[in-house]
Every structure is written in C-alpha cells, then in structure tokens.
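The primary structure of each chain is shown beneath.
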Amino acid sequence: MPKMKKTSQGSVNSTAANLGFEAKLWQTADALRNNMDAAEYKHVVLGLIFLKYISDAFEEQHAKLVAEKLQGADPEDPDEYRAKNIFWVPPEARWSHLKAQAKQATIGQLVDDAMTGIERDNPSLKGVLPKDYARPALDKQRLGQLIDLVTNILLGDKESRSKDILGRVYEYFLSQFASAEGKKGGEFYTPRCVVKLLVEMLEPFKGRVYDPCCGSSGMFVQSIEFIHAHAKGNSNGGKAGGDIAIYGQESNYTTWRLAKMNLAIRGIEGQIAHGDSFHNDRHPDLKADYILANPPFNVSDWRGELLREDKRWKYGIPPAGNANFAWVQHMVHHLAPTALAGFVLANGSMSSNQSGEGEIRRNLIEADLVDCMVALPGQLFYSTQIPACLWFLARDKKNYRFRNRRGEVLFIDTRKLGRMVDRTHRELTNDDIARIAGTYHAWRGEKGAGKYKDVPGFCKAAKLEEIRKHGHVLTPGRYVGAEAQEDDGEPFEEKMKRLTGQLRQQMTEGHKLDKAIETNLKELGYGGR
C-alpha cells in the first residue's frame, strides 16, 4: 500500500464533526428562527455574518489609521482600505451603528441600507448581498436579537482571519441549513469530506480550476485551502505556488449570491457567472486544467431536447430525461489537453444502459478518458439517499506528470469506510481520505506516493480488456472483489469436522428447547392443535 499523506487540515484524525463554538452559535441562531422557513432564514443569518466580518476587518484598520493620523493617514479614505484588500464600509453600514439601533423597530430598514451602501462602494459585491430585512414577515425583535448574538463574535480582525473563524462559521451554517432544508438545500452544498477527497486526489496546485455548477463555491474554497496547506512543499516538492485562476457558473440566483459571498469572505477572486451551463455557457472558450464538480443528480428537466445537435456531445447525445452524461460531456469539452477532472455522480451512471447512456459510457472508456472510479459510502449527503460515486477523467494518460496509464483504470471501493457523525449522516475521516487519495497517487506513479498494489475488496487496477468483458460497466465492486480473509492456520478437514460437530450439538440443543416449550404450552392448556 502507498504511504499515507498528512491531509490538508493538520491531524488526520480531526474531522468536520469536531466543532467548537460553531455548533453553539448555530443552536442559538436556530432558536431565533421561530416559524421562518430555513431557506429564507439562511440569507438573513449569512448576510448578517458577512456584514459583521467586513465591519470587523474595517474597524481594525480604521483604528490603526486613527492612530496614524499625525503621519498623514486618513481613516475615511476608502483607498486606505482597498490597498490592504479590506472592504470599505460606509458609516451607515458599520456594525457599531447597527448594534446601537438593534432594538429599534426600523432595524430591518437600517440593515437593508447597510447592504445597499456596501454594494455601492464595493463594485465586486454588486447584486450579491441580501437586502430584504425590512419586509414585514421578518420579526424585527428577533432580528435585533440575532444582531446581538453576532455582535459577540469577532470574525474579521487579523487573529480571527488567520484562524478562518468566519470560514468555519459560514461553512458550518451552510451545512446545517442544507440538513434543515433537505433536498432543496442540498442542491448547493456538497459535504466537506467529499470536496476534500476530490481536491486531495486531483491536487490542483496551478492552472485554471473550473466548476460548471459551483453551488456555494465549496470546491474553490477547498482548493485554496489545499494550496495553503501544502505551500511548504509537504507533498509537492516545494512547488506549490498557488497560481490558480477560478472559473465557475451557477444557475440558481440566490445560490450564486452565496457563492460570491463565500469567496469574498476569504478574499478569493474568481470569475463566477450566473446562468445555465447547458443553455448559456458563460465560459464557452475556457479550457481548464482542473474541473471539480457535484452536478445535481439525474436532472430530468434540463431541456436537453433543445440541444440535440450541440457540439459538446462528441461521445453520444445524452438523453433528454437525464442530464448526467450531459454534465460529463460538458466537462470533457472544457478540459485542456493535459487536464484532469473529478466529479460526483449518481451510481447509476456507472452501469445504466438506458436511452443510450451505456453507449456514451462505452465511448468515453474506449477514448481512454476514464482514469479512476470511486464508489462512495452511503449517507454522506444531506440532500439525497441516492448512492453516489466519483469519476476521475484524464484528457491524456500517456505520460504528462505521471506514469503512462493508457488502457488502464483504477477502481476503488470505499463503501465500508467512514464513520457516523449523527443518526443519519456519515463522514469520511481524514485517515480515510489520505488512504483513498494515496492509493490513487501511488497508482498513477506520483513521486513519493509509494508503490501501488491491488488490495482485494478495496482497489484494483483493471485493463481495458477486462472492462470490456464487464460490458463497460464501471462499478468498482465488480473489479475489486471480496476482502481477503485472514488464514487462521486450521487445516480444512479439521475445521469442517469441528464445525459440523458444533452444528449437530446446536441442533440437539434446539430439539431439547422445542420439547421444553411444547411441555410448558401443554401445562398452560395450549398444547392441542
């Protein structure tokens, strides 16, 4: 087996379930929700958290500039903040102003005015922030209580930024809203452990990173975190320059706003477009070096009948009733000559032969695009119980950065991995992620990843000929086989003699118990038929 790499969040034993104040903050905020729908409340809370963050960062810089006034500093000059990559916050949007007015009946309008002022003075946020706090349906007393709650958390000062306090709170709240909303919320939230696994396997150190259905931008955030974690070369020979450009698209307008906010709070710049990637591709000429995505599963209303002649369908026309292979081919279309892609799909994509899907999958395999397939455990997602898998594609498997892998596909079955973090949700631990990613890196011949070998029940490198014999089905379970059982050293003949003796003894005991039960029933007057 390959060596286990230390993953991008320090100890391999820590998981997203090991939370501190985020959980307590959520419990308090959720208690203030009253009867408001989670989908609506989400924007109320996340908008306030964002506002508090940029106000904290502003106030810290403002205090420094006040102290430097004698040296010519101007605390009310927006350029003094923009030079430090800090958003300029106009007086009406500063948290101290809102906090002082939190108990007033006009607080909703004051928050709306604050959001409007920030968008006005920071063009990159134009059209992004929620501005409906004044609506009658929002309880202003509870809004004031929420402002008081958020007031007690430092989010944007230098120390908090270094610990990514806001990122932790924001991400935790996104996950909790996804859980509360079920499928509706899960459309834009991919569990952190799944995103982390994709990123750790693909290792997007340098180049153009693209997500055609980017949701709340989790793939991009994790890519940046990965680069920061490996910047000292602990897995890339010191070459982690962090020189990546981000491109994304999201069709849901409110989710697109969340994506923009999620990147803005971390100071990440990216070209995130709003629109339908199938019918209004906003990055038509992009050839990406890495594609990471979690397309919505089995979408039937993607209006595929309008795109029958589309140039992206090089490997077959995807069925109008299921967008899975439209997403796959859209991503292949956007791959640069030596690019890699990793994405989530429903398990049916690995074996379905309906409506030409089997033919498209066969063509992708025969074109030698499929690099690795990973079967995931169940219960990872908030939004669906549909079993899921990971596809990894390579535009050129010959010998770019890794060994020549032409005519070969790696299959990994992780269905037995992970641990339950609550009654209904499972999570891959950092140890699991390190094992899976390390196996892929060793198989593709990455320097320092160790030597690859097949492990029954877990991983198997299969040749194209073997995949053809299985009818071009890509389900890992067909290839990895059963987990090897330890040999206990007992000769077969002796074991059979012992086991058959145990069976006869148990059958004899069973007969005795049956007779005792029958005798007791007769004594109770229930012995007759």
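Note: the structure precedes this text.
This is a predicted model, so every value here is computed, not measured.

> Describe the overall build of the protein chain, listing the residues and the values that go with them.
A count of helices and strands for the protein chain gives 18 helices and 11 strands. The 529 residues of the protein chain split such that 53% are buried. Roughly 25,100 Å² of accessible area belongs to the protein chain as shown, and the carbon and sulfur atoms make up 49% of that amount.

> Explain the pairing of strand β7 (residues 388-394) residue by residue, including any values.
Of all the 7 residues making up β7, 7 are buried; the element is thus mostly covered by neighbouring parts of the structure. Of the two faces of β7, the one carrying Ala-388, Leu-390, Phe-392 and Ala-394 and the one carrying Cys-389, Trp-391 and Leu-393 are both buried. Pairing geometry for strand β5 (residues 335-346) and β7, over 7 bridges, is antiparallel. Note that in β7 the partner of Gly-342 across the bridge is Phe-392. Pairing geometry for strand β6 (residues 370-375) and β7, over 5 bridges, is antiparallel. Note on β7: the bridge partner recorded for Ala-375 is Cys-389.

> Summarise helix α6 (residues 140-151); cite the residues concerned and give the values.
Here α6 spans 16 Å end to end across 12 residues, near enough to the 16 Å set by a 1.5 Å rise per residue. Residues Lys-140, Leu-143, Gly-144, Leu-146, Ile-147, Leu-149, Val-150 and Thr-151 constitute the buried set of α6. Capping the start of α6, Asp-139 holds a side-chain oxygen 2.9 Å from the backbone nitrogen of Gln-141, two or three residues further along.

> Outline unusual backbone geometry, supporting the account with residue identities and numerical values.
If you check the backbone angles, Glu-203 has positive phi at about 50 degrees while not being a glycine. Here Glu-203 shows up in the loop between α10 (192-202) and β1 (207-211). Residue classification places Glu-203 among the buried residues on the basis of a relative accessible area of 6%.

> How would you sum up the side chain of Asp-56? Please name residues and give values.
Structurally, Asp-56 is set in helix α2 (residues 38-67). Looking at Asp-56, its side chain comes within polar contact range of the side chain of Lys-52, at 2.8 Å.

> Could you give an account of the packing of aromatic side chains, naming the residues involved and the relevant values?
Here the structure, examined in full by the defined rule, presents 15 aromatic pairs. Taken together, the ring pairs in this structure connect Phe-278, Trp-302, Trp-313 and Trp-327 into an aromatic cluster. One cation-aromatic arrangement involves Arg-94 over Trp-88; the distance from NZ or CZ to the ring centre is 5.4 Å. When the ring centre of Phe-402 is taken as reference, the NZ or CZ atom of Arg-444 above it lies at 4.0 Å.

> Run through the environment of Pro-456, naming residues and quoting values.
The topology assignment puts Pro-456 in the loop between α15 (430-443) and β11 (459-463). A relative accessible area of 41% places Pro-456 in the partly exposed class. Between the C-alpha atom of Pro-456 and that of Gly-481, which follows or precedes it by 25 residues, the distance is 5.6 Å.

> How would you summarise the sheet that holds β1 if you had to cite specific residues and measurements?
Sheets are built from strands that pair by backbone hydrogen bonding, the pairs being arranged parallel or antiparallel. Strands sit in the order β3-β2-β1-β4-β5-β7-β6-β8-β11 across an open sheet of 9 strands; the sheet is mixed. Each having just a single partner strand, β3 (271-274) and β11 make up the two edges of the open sheet. Averaged over all pairs of adjacent strands, the angle between their axes in this sheet comes to 15 degrees, without regard to strand direction. Its contacts with the sheet place helix α11 (residues 218-229) against β1, β2 (244-250), β3 and β4 (288-293), and it is angled at close to 165 degrees to β2. Against the sheet, helix α12 (residues 253-264) touches β2 and β3, its axis set at about 165 degrees to β3.

What counts, and where the lines are drawn
- Residues numbered from 1 in each chain as written.
- Predicted model: local features only at pLDDT ≥ 70, side-chain atom pairs only at ≥ 80, totals over all residues.
- Heavy atoms only, no water.
- Helix = DSSP H or I, 4+ residues; strand = E, 2+ residues; numbered from the N terminus.
- Buried < 20%, exposed > 50% of the residue type's maximum accessible area, 1.4 Å probe, protein only.
- Areas by Shrake-Rupley, 256 points an atom, 1.4 Å probe, with all protein chains shown as cover.
- Pairing = 2+ DSSP bridges.
- Expected span 1.5 Å × (residues − 1).
- Polar contact = N/O pair within 3.5 Å; in protein donor to acceptor, adjacent residues only side chain to side chain.
- Phe/Tyr/Trp six-rings, centres within 6.5 Å; stacked < 30°, edge-to-face > 60°.
- Lys NZ or Arg CZ within 6 Å of the ring centre and 35° of its normal.
- Axes fitted to C-alpha atoms, helices over the stretch in contact; angles between N-to-C directions.
- Contact = heavy atoms within 4.5 Å.

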